[in-house]
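Remarks on the overall topology
Take a look at the letters that make up each chain.
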Amino acid sequence: MVVLLIPESSYDHSVTLNCNNITGNGPIRRVALYGKGGIGKSTVASNVSAALAEKGHRVMQIGCDPKADSTRLLRGGSKGPSVLDSVREGRTGLDGIVSEGYAGVLCVECGGPRPGTGCAGRGIIVAFETLERRCAVETFRPDVIIYDVLGDVVCGGFAMPIRDGYARDVFIVTSGETMSLYAAANISEAVHCLREDGCDARLSGLIQNSRDVQGEDELVSRAAGSMGTEIVSRIPRSRTVQECEAAGKTVIEGAPDSPQAVAYRALAAKILAATEASEGGLRQNYTQEDYS
Ligand code: ADP
Ligand code: MG
């Protein structure tokens, strides 16, 4: 059983990736939400996924936080099994690692090593490779993929969605709090450096998840300006979010007529308008021939 770093040797390279036979993916929007831990990425991601799914989109939300709690609000509050759990337990196939949540949103959790036993960034890399080998995207054919990524440290693993063609459009979730703006600046810098190295991802905007800090709008506007980007939406702080969370629901599901649901729907529409779809599987412009 693999407990520690989940080395590459832990999965079976003799299994031939044959996803192209399943095929017929249409173009896919590949969106990544980054931000400091606890800032509200998973809440934003789940509400945006739910809002898009209600509009008829086939959305896959991939949680890239070792806590594996990204999609809980889409699944009635329960945590699902993670990709890395599946690898550790020696299971194969997609059973259990892609589950349908609210309005048919496809829920995936990368998971992580047991606390204190390994590298979370490395875990993301193994999880993505596993999803590709098991043809997750070719089987479920989403037209929007949302990566929900912890951005406190943008190490190789957490940079992978940007670096290796998984995400095209990066949005940073931040409040006006200093530490969250600090993380946002680091993530923006990472996108910038990776672009200089030739990768195709771009910073598509900031999402302000308000904490009611004094002068918050101004602080976040200034940060956006210094990063050369825009604020896509300012999401209000609202008790409705926590009330729905207590019921294991997104606001879209639990309080569909609330002003907060209106804000998330407007954000979802703006994300659609600000992103581009491209061919490929889990990564853009990527086919079986590229996979060695
Ligand atoms: P992250 O995924 O960035 O770690 P979460 O989405 O889990 O953060 O959110 C952390 C906490 O903040 C949750 O308990 C959530 O209910 C709360 N929260 C997020 N956004 C809002 C908001 N706009 N108003 C009130 N509470 C919020
Ligand atoms: Mg989260």
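Cut-offs applied
Residue numbers run consecutively from 1 along every chain, following the written order of its sequence. Working convention: letters from A go to chains and numbers from 1 go to ligands, in the order in which they are written. In keeping with the model being predicted, local features are shown solely for residues with a pLDDT of at least 70 and side-chain atom pairs are shown and tallied solely at 80 or more, while totals for entire chains, interfaces and linings include all residues. Runs of H or I in DSSP of at least four residues are treated as helices and runs of E of at least two as strands, each being numbered from the N terminus. Note on terminology: a nonpolar core is any set of buried Ala, Val, Leu, Ile, Met, Phe, Trp, Tyr and Cys residues joined through C-beta atoms within 7 Å. Whether a residue is buried, exposed or partly exposed follows from its count of other C-beta atoms within 10 Å of its own C-beta, namely 20 or more, 12 or fewer, or something in between, respectively; the C-beta atoms are built from the backbone. The contact criterion used is a C-beta to C-beta distance within 7 Å, with each C-beta placed from the backbone. As used in this record, a residue near a molecule or strand is one whose C-beta atom, placed from the backbone, is within 6 Å of it. When residue character is reported, Ala, Val, Leu, Ile, Met, Phe, Trp, Tyr, Cys and Pro are called nonpolar, Asp, Glu, Lys and Arg charged, and the others, Gly included, polar. Confidence of the prediction at every residue is given by pLDDT, a number between 0 and 100. To obtain each axis, a line is fitted to C-alpha atoms, and for helices this fit is confined to the stretch in contact; angles are then taken between N-to-C directions over 0 to 180 degrees. Orientation categories follow fixed angle ranges, with anything under 35 degrees roughly parallel, anything over 145 roughly antiparallel, 65 to 115 roughly perpendicular, and all other angles oblique. Left-handed describes a crossing whose near helix is turned anticlockwise from the far helix through less than a right angle; right-handed describes the clockwise counterpart.

1. Considering the environment of Met179
- Summarising the element assignment, Met179 is placed in helix 6 (residues 178–196).
- Through-space distance from the C-alpha of Met179 to that of Val48 is 24 Å; in sequence the pair is 131 residues apart.

2. Some details on the nonpolar core
- Counting residues in hydrophobic clusters, the biggest one holds 83 residues, and the most contacted among them are Leu33, Val48, Val108, Tyr147 and Val170.
- The greatest single-element share of this core, amounting to 7 residues, is contributed by helix 1 (residues 41–54).
- Non-local contacts of Val48, meaning those with residues more than four positions away in its chain, are made with Ile146, Tyr264, Leu267, Ala268 and Ile271.

3. Section: unusual backbone geometry
- Phi at Cys135 is positive, roughly 60°, even though this residue is not glycine.
- Along the chain, Cys135 falls in the loop between helix 3 (120–133) and helix 4 (136–140).
- At Arg141, a residue that is not glycine, the phi angle is positive and equals roughly 50°.
- By secondary structure assignment, the location of Arg141 is in the loop between helix 4 and strand 5 (144–150).

4. Comments concerning the site of ligand 1
- The environment of ligand 1 is made up of 15 residues, and the closest members are Gly40, Lys41, Ser42, Thr43 and Val241.
- If you list the elements that add at least two residues to the shell around ligand 1, you get helix 1 and helix 8 (239–246).
- For the shell around ligand 1, a count of residues per class yields 3 nonpolar, 9 polar and 3 charged.

5. Some thoughts on the confidence of the model for the chain
- Summarising the model, the chain shows a mean pLDDT of 90, and 90% of its residues fall at 70 or more.
- Within the model, pLDDT remains below 50 along residues 1–15, and this stretch shows 24 contacts once partners closer than five positions in the same chain are excluded.

6. With respect to the environment of Ala201
- By the element assignment, Ala201 lies in the loop between helix 6 and strand 7 (202–209).
- Assessed through the 23 C-beta atoms surrounding it within 10 Å, Ala201 is described here as buried.
- Other than its neighbours up to four places away in sequence, Ala201 contacts Ile162, Ala167, Arg168, Val170, Val191, Leu194 and Arg195.

7. With respect to the packing of helix 5 (residues 156–163) against helix 6
- Packing of helix 5 against helix 6 leaves a shortest axis separation of 10 Å and a crossing angle of 60°. It follows from the interaxial angle that helix 5 and helix 6 lie oblique. For helix 5 against helix 6, the interelement crossing comes out right-handed. Across the interface between the two elements, Ala159, Ile162 and Arg163 from helix 5 touch Ala190, Val191 and Leu194 from helix 6.
- Here the residues of the contact of helix 5 with helix 6 sort into 5 nonpolar, no polar and 1 charged.

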